[in-house]
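Coordinate analysis (summary)
Each chain is listed here by its residues.
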Amino acid sequence: MVGSSRLRVLSITALTFRRTPLFGSHTHATVLLSRQYTIPANGTTPPNRRNKDPTASPKKPTHTQPRPPHVSHTPSPTTFEYPQTRHEVHEGTASISMPFNPPGGGPSGPGAGGGFSFTNSPVLDAILTTAIGLSAGKSSFRVPIPLSPVFLGGIVYVKWYKKNVLDKIENAFAAGYDPALELAKAHTTKKVPPDENAADPLFSEDEPWTQNLRRKEQDIIDHIIHGEEAGHYFMLLGPKGSGKGTMIFDSMAACNAEGVSMCDAHPDLEVFRLRLGKALNFEYNEDTQTGLFQRRDPREGGAALDIERAMNKLEKVALRCAPRRDKPLVLVINNIHFFQNDEEGRNMLLQLQQKAEAWAASGVLTMVFSSDDFWPFHVMRKNGSRMHVISVYDLDTEEALHAAARMRRSTGRYAIESAEFKDAVAFVGGRLSYLNKVSKSKDMVGMAKHLLEVEKAWLLSQIGLIPDCDDDVMDEQKWSSCSWLLLHEFVKLRAEQLAAREEAGESTDDLPLPSIPYWKCRQIMTRADFMEELDRLNIISIDIQHNVRPDSNLILHAAQEVTREDGFDDLLNNVRDRIDEIESLHRTRELTFKDLGKGDMVRLSVDKRGEELLATINDDS
C-alpha cells in the first residue's frame with residue numbers, strides 16, 4: 001500500500017495445486033499457507049479483539065495525520081477502526097475463504113505484527129513459498145528445485161509406458177494367436193474322412209493343406225505374406241467371392257501368422273480406427289495414466305490423426321524388428337472398397353498409401369490391400385510408384401470341377417452323376433462362393449437354378465426397365481437403360497463365342513466370360529459415370545487391363561434370360577424414347593403474350609430461306 005493509506009495488509013499465500021491422482025477421479029486442492037494480517041500504516045500491531053476489554057477506552061494515536069476521505073461512514077476522529085477478523089470457528093467449518101494476495105505483499109521486519117516469515121525479504125518469501133509448492137508435483141519450469149518422489153515416479157512411468165506400447169505392437173506380429181486368423185478357422189466343423197473306395201479320380205487324391213484347391217496365385221500370395229517380397233506393396237483386385245481372402249488366410253495359417261497382422265476396412269473411420277488398433281494391439285494411449293504427469297495429446301484431429309499415431313508407432317516397431325528378422329513385417333488391409341468414395345475416404349487411402357510407399361522403400365514393412373471394386377485402384381494408381389497389382393479371376397472349368405469335387409467330398413455326399421455335376425458347375429461358373437453353395441447341396445443342379453433365379457430377381461430390382469415412366473424416375477431409368485445396353489452387348493458377344501466354337505467343332509464348356517474394353521463401354525453406355533455404380537453393385541467387374549466383364553457367370557445367364565424375353569428390344573427402345581421426350585419437355589420454353597383480347601390472334605411464321613435472303617441482301621449491298 002502507499003504511504004498515505006491508514007491500513008496495510010500482509011498476506012503470505014502459497015500456490016494452490018489441482019492435480020488428478022494416479023488412481024481415482026478426485027481433485028484435491030492443497031493450500032500450504034494462507035494468512036492475512038491488517039496493521040496500521042505506522043507499523044503498530046492491531047489489538048487482539050478476542051481479548052479486548054469492552055469497557056476500555058480506545059487508544060488515541062500518538063501522532064497527527066490528515067483524515068482519510070469519506071468512504072461509507074465517518075470514523076471517529078480519535079480512534080482507528082480495524083476490520084473484524086473471521087476465523088474458522090466463527091464460520092462453523094474448517095475451510096478458510098480469503099482473498100488472494102500475491103506472495104510477499106505484506107510488510108517484513110519487526111513491525112509485521114506476528115506474521116509468519118521465512119526471511120525478512122518479501123521477495124525471498126515468495127520464492128521459497130513457490131519452491132515448496134512446486135516440489136509436491138512435476139514442475140513446468142526448468143528451475144533447480146528438489147525433485148519429489150512423485151515427479152521421479154512420473155518419469156519412470158512415462159518411459160515404461162512408451163516402451164510397453166511398442167512391445168505390445170511387436171507381440172501383435174508374433175507367431176500364434178491372430179484375431180482375424182482365429183475367426184477364419186472352422187472351430188465346429190468336423191472333417192469327413194476320405195473315401196478310399198471312390199472310383200472317381202477326383203476323390204482319390206490326398207487333400208492338400210488348402211483343403212479344397214491350391215490356386216496358381218497362391219504361391220505369389222505365400223511369398224508376400226511370409227515377408228519374402230520386400231521393396232513393394234501389393235493390391236489384390238478381383239470380384240467378390242473369387243478367393244482373395246481365403247488365399248490370404250491360407251498363407252497366414254501356413255506361417256502361423258508370424259510377422260503378419262490383418263484388419264478389415266469400414267466406411268466409418270472411427271470404426272476402422274478401432275479395428276486397426278485391435279489388429280496392432282494398440283490402445284491409442286487410452287489406457288495410460290500419464291495425465292498426472294504430462295499434458296494429454298489433443299484429439300481434435302479425429303480418427304485420421306489417431307490412425308497416423310498408430311502408424312508412427314508401427315513404424316518404430318518395424319524399424320527395430322527388421323534387423324532381427326531380416327525380412328519385413330506384413331500388414332493386410334482387407335476390403336478397402338468399403339471406404340467411402342468421397343474426400344474423406346480418398347484421403348484415408350492416400351494416408352495409408354504414403355506409409356506403404358515409405359515402408360516399401362526401406363523394406364521394413366509390406367502392406368497388402370485387397371478390393372472387390374475398381375475405384376480404389378483408380379485412386380491409388382495416381383501415386384503408386386512401388387505398387388504391384390495382382391488380379392484374381394474366377395476359376396476355369398477344370399479348376400472349378402476340381403474345387404467343387406473337393407467341397408462336395410467334405411460333406412460326405414459322393415453319389416452324383418458326372419453329367420449332373422458338370423451341369424451344375426456350368427451354371428455357376430468358377431466363382432468359389434457359388435461353388436461352395438452348390439457343392440454342399442443335395443441337389444446340385446436345383447441349387448444352381450435357384451441361385452440363378454435369385455440373381456435374376458436381384459438384377460431386375462436394381463436396373464429393371466419401366467415403360468412410360470414419369471419424369472420423377474427419369475434419372476434412374478436413364479441409368480437402367482444404359483446398363484441394359486451394356487449387358488445386351490455382353491449377351492451378343494457370348495452368342496458370337498458359341499457360334500465360333502460350334503463352327504470350329506470345339507467344346508463350349510470352357511468358354512471365358514466375354515469382355516469389352518473400358519473405353520468402348522463408355523461409348524456403348526454414352527455415360528462414363530455409370531460404370532462405378534455397376535461395379536459397386538457387382539453387376540460388372542473391371543481388371544487392371546481396363547477390361548470390363550460380367551461380374552459372374554450367373555449375371556451373364558440372368559442377362560441372357562432377360563434379353564431373350566419377347567418384347568425386350570421394344571421395351572428398351574420405349575424407355576429410351578420416353579427419356580428423350582421428357583428431356584425435350586425440360587428443354588422447352590413457354591412464350592406468353594400479354595395485352596391480347598378475345599378474338600386476337602398471333603401469327604408465327606418460319607422462313608427457311610434465310611440463307612438465300614441473306615445472300616441476296618449481301619449482293620445488293
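The shown structure was predicted, so the numbers you read here are calculated from the model rather than taken from an experiment.

Section: the overall build of the chain
Scanning the chain from N- to C-terminus turns up 21 helices and 12 strands. Taken over 621 residues, the chain has a buried fraction of 37%. Across the chain, contacts joining residues at least 24 apart in sequence account for 73% of those joining residues at least 6 apart. Here the chain has roughly 37000 Å² of accessible surface; of this, 52% comes from carbon and sulfur atoms.

Section: the packing of aromatic side chains
Under the criterion given, the structure shown has 7 aromatic pairs. Between the aromatic rings of Tyr 233 and Phe 369, the centroid separation amounts to 6.3 Å while the plane-to-plane angle is 80 degrees, which identifies the pairing as edge-to-face. Linking Tyr 233 in strand β5 (residues 233–237) with Phe 369 in strand β8 (residues 365–371), this pair joins segments that are 136 residues apart in sequence. Phe 369 matches Tyr 233 in its accessibility class, with the two residues each being buried. Taken together, Tyr 157, Trp 160 and Tyr 161 form an aromatic cluster joined through their ring pairs.

Structural notes on the environment of Gln 477
Here Gln 477 is to be found in helix α16 (residues 474–504). With relative accessibility at 0%, the residue Gln 477 sits in the buried group. In the structure, Gln 477 is positioned 99 residues away from Arg 576 in sequence and 8.4 Å away in space, judged by C-alpha atoms. Apart from the residues lying within four places of it in its own chain, the contact partners of Gln 477 are Gly 464, Leu 465, Ile 466, Cys 469, Val 575 and Ile 579.

A look at a negative patch on the surface
Together, Asp 268, Asp 342, Glu 343 and Glu 344 make up a region of like negative charge exposed at the surface. Position of Glu 343 among the secondary structure elements: in helix α10 (residues 343–362).

A few points about helix α6 (residues 218–225)
Taken together, the buried positions of α6 are Gln 218, Ile 221, Asp 222, Ile 224 and Ile 225. Viewed along the axis of α6, the buried residues span an arc of 165 degrees, placing them on a single side of the element. Here the buried face of α6 lies against β5, α7 (244–254), β6 (260–264), β7 (329–334), β8 and β9 (387–391).

Quick word on the confidence of the model for the chain
Chain-level pLDDT for the chain is 76 on average; 69% of the residues reach the 70-or-more range. In this model, residues 86–114 is a region of pLDDT below 50 whose contacts with residues beyond four sequence positions or in other chains number 40 contacts. Confidence drops under a pLDDT of 50 for residues 194–210, and excluding neighbours within four residues, the segment shows 23 contacts in the predicted structure.

Topic: helix α14 (residues 432–439)
Within α14 the residues assigned to the buried category are Leu 432, Tyr 434, Leu 435, Val 438 and Ser 439. Down the axis of α14, the buried set is contained in an arc of 155 degrees. They therefore lie on one face.

Notes on the side chain of Gln 353
Looking at where Gln 353 falls in the secondary structure, it is placed in helix α10. For Gln 353, a relative accessible area of 2% gives the class buried. Excluding residues within four positions of it along the chain, Gln 353 makes contact with Tyr 233, Met 380, Asn 383 and Gly 384.

Remarks on unusual backbone geometry
Residues other than glycine seldom take positive phi values, yet Ala 257 does so here, at roughly 60 degrees. Relative to the helices and strands, Ala 257 resides in the loop between α7 and β6. Taking the relative accessible area as the measure of exposure, Ala 257 reaches 1% and is therefore buried.

A look at the sheet that holds strand β12 (residues 547–550)
Pairing is antiparallel across the open sheet formed by 3 strands, whose spatial order is β10-β12-β11. Sheet topology places β10 (516–517) and β11 (540–542) at the edges, where each strand pairs with a single neighbour.

Section: the pattern of salt bridges
Within this structure, the stated rule accounts for 24 salt bridges. For the salt bridge of Arg 309 with Asp 306, the shortest nitrogen-to-oxygen distance reads 2.8 Å. Residue Arg 309 and its partner Asp 306 are both found in helix α9 (residues 303–325); the two are separated by 3 residues, about one turn of the helix. Measuring nitrogen to oxygen at the nearest pair gives 3.4 Å for the salt bridge that ties Asp 551 to Arg 431. On the criterion of sequence distance, the pair formed by Asp 551 in the loop between β12 and α19 (553–563) and Arg 431 in the loop between α13 (418–428) and α14 is long-range, its members being 120 residues apart.

So, how was this worked out
- Residues numbered from 1 in each chain as written.
- Predicted model: local features only at pLDDT ≥ 70, side-chain atom pairs only at ≥ 80, totals over all residues.
- Heavy atoms only, no water.
- Helix = DSSP H or I, 4+ residues; strand = E, 2+ residues; numbered from the N terminus.
- Buried < 20%, exposed > 50% of the residue type's maximum accessible area, 1.4 Å probe, protein only.
- Contact = heavy atoms within 4.5 Å.
- Areas by Shrake-Rupley, 256 points an atom, 1.4 Å probe, with all protein chains shown as cover.
- Phe/Tyr/Trp six-rings, centres within 6.5 Å; stacked < 30°, edge-to-face > 60°.
- Patch = residues over 30% accessible without salt bridge, like charges linked within 9 Å, V, L, I, M, F, W, Y side chains within 5 Å.
- Salt bridge = Lys/Arg side-chain N within 4 Å of Asp/Glu carboxyl O.
- Lys, Arg positive; Asp, Glu negative; His and termini not counted.
- Charge placed at Lys NZ, Arg CZ, Asp CG, Glu CD.
- Arc of directions from axis to C-beta.
- pLDDT = per-residue confidence, 0-100.
- Pairing = 2+ DSSP bridges.

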